[in-house]
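In case you want the letters, here they are:
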Amino acid sequence: MSSSRKRQSVIVEDPSSSTGKRLYIKGAAEIILNASSHMNMFDTNGPVELDDESRFRVMDAIKKMAEQALRCIAIAYKDIDDSYLGA
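About the thresholds
- Residues numbered from 1 in each chain as written.
- Predicted model: local features only at pLDDT ≥ 70, side-chain atom pairs only at ≥ 80, totals over all residues.
- Heavy atoms only, no water.
- Helix = DSSP H or I, 4+ residues; strand = E, 2+ residues; numbered from the N terminus.
- Buried < 20%, exposed > 50% of the residue type's maximum accessible area, 1.4 Å probe, protein only.
- Contact = heavy atoms within 4.5 Å.
- Polar contact = N/O pair within 3.5 Å; in protein donor to acceptor, adjacent residues only side chain to side chain.
- Expected span 1.5 Å × (residues − 1).
- 1 Å grid on protein atoms, 1.4 Å probe; cavity = no way out; pocket = protein on both sides within 12 Å on 5 of 7 lines; lining within 4 Å.
- Points joined across faces, edges and corners; volume = space filled by probe spheres on them.
- Nonpolar A, V, L, I, M, F, W, Y, C, P; charged D, E, K, R; others polar.

1. Looking at the overall build of the protein chain
1) Next: Helix and strand content of the protein chain: two helices and five strands.
2) Next: N-terminal to C-terminal, the α/β element order of the protein chain is β-β-α-β-β-α-β.
3) Next: The buried share among the 87 residues of the protein chain stands at 18%.
4) Next: The contacts of the protein chain with a sequence gap of at least 6 include a subset with a gap of at least 24, amounting to 47%.

2. Quick notes on the side chain of serine 17
1) Next: Structurally, serine 17 can be placed in the loop between strand S1 (7-13) and strand S2 (21-28).
2) Next: Separated by 3.3 Å, the side chain of serine 17 and the backbone nitrogen of glycine 20 make a polar contact.
3) Next: Aside from chain neighbours lying at most four places away, what touches serine 17 is Arg22 and Asp79.

3. As for helix H2 (residues 52-67)
1) Next: Spanning 16 residues, H2 covers 22 Å between terminal C-alpha atoms, matching the ideal 22 Å at 1.5 Å per step.
2) Next: The first or second residue beyond H2 is alanine 69, which carries a positive phi of 65°.

4. Let's talk about the layout of surface pockets
By rolling a water-sized probe across the atoms, one finds the places where empty space is left.
1) Next: Taken as a whole, the largest pocket spans an internal volume of roughly 730 Å³.
2) Next: Taken together, 25 residues make up the lining of the largest pocket; nearest its centre are Ser36, His38, Ile75, Ala76 and Tyr77.
3) Next: Where the lining of the largest pocket is concerned, the elements lending two or more residues are S1, S2, helix H1 (29-34), strand S3 (38-40), H2 and strand S5 (73-80).
4) Next: The element that contributes the greatest number of residues to the lining of the largest pocket is S5, accounting for five residues.
5) Next: When the residues that make up the lining of the largest pocket are grouped by side-chain class, the tally is 18 nonpolar, five polar and two charged.

This is the structure we're talking about:
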């Protein structure tokens, strides 16, 4: 875990991944949100693309929780192959 980066990553073999390997990242919600292109919506079939309005709503919720001294973390994933690892 890097306190300066405010995130932690791990790569695992995952049969549900399209490539067999998946990178999982957890960390400060605002950092993960800024690095994400999609968000899993549990009322739809899978991830949806993050647009400006969605980013604003999520960031607003993060700020409101932070004002109540709540620490928000997020979890993200990305399917990767061996080329991502430099192999």
